[in-house]
Amino acid sequence: MARVAGNTAPGALNGRRAVSLALVAIMGALTAVLIDPVIGLPIAAAGLAGLVYGRQVAVSIVAVILGGLAAGGLLYGIIVPLLGSAVGASEPYVYTALLVISLLIVGPLTAVLMRYRSALETMTVVTALLTALSVVELSVYAAEAGQSVNAYVEAAVRALFAQAELGDEVMQPLVALWPGALVTVNGLTAVLVVVAVGAMGARLGVALKRMPPLAAFDLDVRMVVLPIVAIALLAAGRLPVDLAPSLEIVGSNLLMVARLVFFLQGVAVFAGLYERAKFSRPVRIAGFVLLGVTEAFAPAVSLTGLADMWLNLRRLPREASSSAQSGTTPEKD
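The sections below set out a description of the structure shown in this document.

The rules behind each value
- Residues numbered from 1 in each chain as written.
- Predicted model: local features only at pLDDT ≥ 70, side-chain atom pairs only at ≥ 80, totals over all residues.
- Heavy atoms only, no water.
- Phe/Tyr/Trp six-rings, centres within 6.5 Å; stacked < 30°, edge-to-face > 60°.
- Helix = DSSP H or I, 4+ residues; strand = E, 2+ residues; numbered from the N terminus.
- Buried < 20%, exposed > 50% of the residue type's maximum accessible area, 1.4 Å probe, protein only.
- Contact = heavy atoms within 4.5 Å.
- Salt bridge = Lys/Arg side-chain N within 4 Å of Asp/Glu carboxyl O.
- Expected span 1.5 Å × (residues − 1).
- Arc of directions from axis to C-beta.
- Core = buried A, V, L, I, M, F, W, Y, C linked by side-chain atoms within 4.5 Å.

**What about the packing of aromatic side chains?**
For any pair of aromatic rings, the description consists of the separation of the ring centres together with the inter-plane angle of the planes. Per the stated rule, a full pass over the model turns up 5 aromatic pairs. Judged by centre distance (6.4 Å) and plane angle (50°), the rings of Phe-270 and Tyr-274 are tilted. One end of the pair is Phe-270 and the other is Tyr-274, both in helix H10 (residues 244-276) and 4 residues apart, which spans about a single turn. Accessibility expressed as a relative area gives 11% for Tyr-274, which makes it buried. When the centroid spacing of 5.3 Å and the interplanar angle of 55° are considered together, the rings of Tyr-274 and Phe-288 count as tilted. Pair noted here: Tyr-274 is in helix H10 and Phe-288 is in helix H11 (residues 281-297), with a separation of 14 residues, a long-range link. Pairwise contacts between aromatic rings join Phe-270, Tyr-274, Phe-279 and Phe-288 into one cluster.

**Some thoughts on the environment of Pro-227**
With respect to the helices, strands and loops of the structure, Pro-227 is situated in helix H9 (residues 225-236). Measuring from C-alpha to C-alpha, the distance between Pro-227 and Arg-259 comes to 8.0 Å, with 32 residues separating the pair along the chain. Ignoring anything within four residues of it in the chain, the contact list for Pro-227 reads Ala-258, Phe-262 and Leu-306.

**Side note on the pattern of salt bridges**
One side chain can pair with another of opposite charge once the charged atoms of both are near each other. Taken as a whole, this structure holds 5 salt bridges when the rule is applied. Residue Arg-238 pairs with Glu-248 through a salt bridge whose shortest N-O separation is 3.9 Å. Within this pair, whereas Arg-238 is found in the loop between H9 and H10, its partner Glu-248 is found in helix H10, the two being separated by 10 residues in sequence. When its relative accessible area of 26% is taken as the criterion, Glu-248 is described as partly exposed. The partner of Glu-295 in a salt bridge is Arg-259, and the shortest N-O contact between them spans 2.7 Å. With Glu-295 in helix H11 and Arg-259 in helix H10, this residue pair connects regions lying 36 residues apart in the sequence. Look at the salt bridges and you will find they share partners, linking Asp-218, Asp-308 and Arg-314 into a network.

**Describing the environment of Val-191**
Structurally, the position occupied by Val-191 is in helix H8 (residues 178-204). Relative accessible area serves as the criterion here: at 16%, Val-191 is assigned to the buried category. Separated by 65 residues in sequence, Val-191 and Val-126 have C-alpha atoms that sit 8.9 Å apart. Those residues in contact with Val-191 that lie beyond four places of it in its chain are Met-123 and Leu-264.

**What to know about H11**
With 17 residues, H11 should cover 24 Å at 1.5 Å per step; its first-to-last C-alpha distance of 25 Å lies within 8% of that length. Among the residues of H11, Gly-287, Leu-291 and Glu-295 are the ones counted as buried. All buried residues of H11 lie within an arc of 70° about the axis, which places them on one face of the element. Facing away from the buried side of H11 by over 90 degrees, the exposed positions are Pro-282, Val-289, Leu-290, Ala-296 and Phe-297.

**Here we look at the side chain of Thr-189**
Take Thr-189: it is sitting in helix H8. When residues no more than four places from it in sequence are discounted, the contact partners of Thr-189 are Pro-37, Val-38, Leu-41, Pro-42 and Leu-130.

**What about the nonpolar core?**
Formed by 49 residues in total, the largest nonpolar core has its most connected members in Tyr-53, Tyr-95, Leu-103 and Val-197. Going through the elements one at a time, helix H1 (15-34), helix H2 (37-53), helix H3 (57-83), helix H4 (91-116), helix H5 (119-144) and H8 are the ones with two or more residues in this core. Of the residues forming this core, the biggest block, 10 residues, is contributed by H4. If sequence neighbours within four positions are ignored, Leu-103 has contacts with Ala-29, Leu-41, Ala-44, Leu-48, Val-64, Gly-67, Gly-68 and Pro-108. If you look at the next biggest cluster of nonpolar residues, it comprises 8 residues, including Phe-217, Val-261, Phe-262 and Ala-268.

**Overview of the environment of Ala-215**
Structurally, the position occupied by Ala-215 is in the loop between H8 and H9. Under the relative-accessibility criterion, Ala-215 is labelled buried at 14%. Sequence separation between Ala-215 and Arg-276 is 61 residues; the distance between their C-alpha atoms is 9.8 Å. Among all residues touching Ala-215, those that are not within four sequence positions of it are Ala-268, Ala-271, Gly-272, Glu-275 and Arg-314.

Here it is, written out as structure tokens:
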């Protein structure tokens, strides 16, 4: 029988293994600077979770601090000076501090949450915390520049698309979508973090709340409220009232978040199709990449996910799938 999550743990890791995982965590922090946090934070999360599950919590905290300091030093000691970019007096310290907190969230906190909460609940908590940190970071930088957050974001977007010479009719909607963009990016990061921590837990034989196979992943049917409310707000934004522009902005941001949520559901639908067709692993990977490319141009995958909520395209037993998502994985003996 599967043992109850949280009741057991593997033996403590030996020194060499602990150092290896600490180096993985630090490398993940550096990757967050060199490439992107969406890639770097999950790498760091895997290393930190391994330390936590291997009873090396103190080492994980040291790795968090060293990773944050190394990444901050790399960015503001080497990369920024080479680019000749202007930096506020407090920006390096704020960035480093928030990166350390981010590493604590995706590492030790996520590792603990996944022993007592479902994967979906953990994703939600991690997304909310990472998004809150992103808002704090923007607010600090905007205050240092003497601007509002919207003005700061607009300046950053204009600098990013300076070569494209976009007009205000394109620029303003882009700027208005920054809250939804933050939630979407951090949500994607949270998904990858949970997958990485879950894989590390399984490798070390830790009993975690069971992550369902991708083909069996199924959202709570109440999630359909998201696009419904978003569309209602967009419709209200057409009304001749003073509040209409604000309602339209909220609706647009909510729709962006809903698109990510149902994109995951859509990917699960296609995973089920690939499984039925008995596609090989390389073909499945290529198919998932194609889904991501397709979604970037048109919301075909997310609409498939939304349709699955109504039509149950995979013919899943909804109640059974919900209970499956809250189960536990057996620990390796």
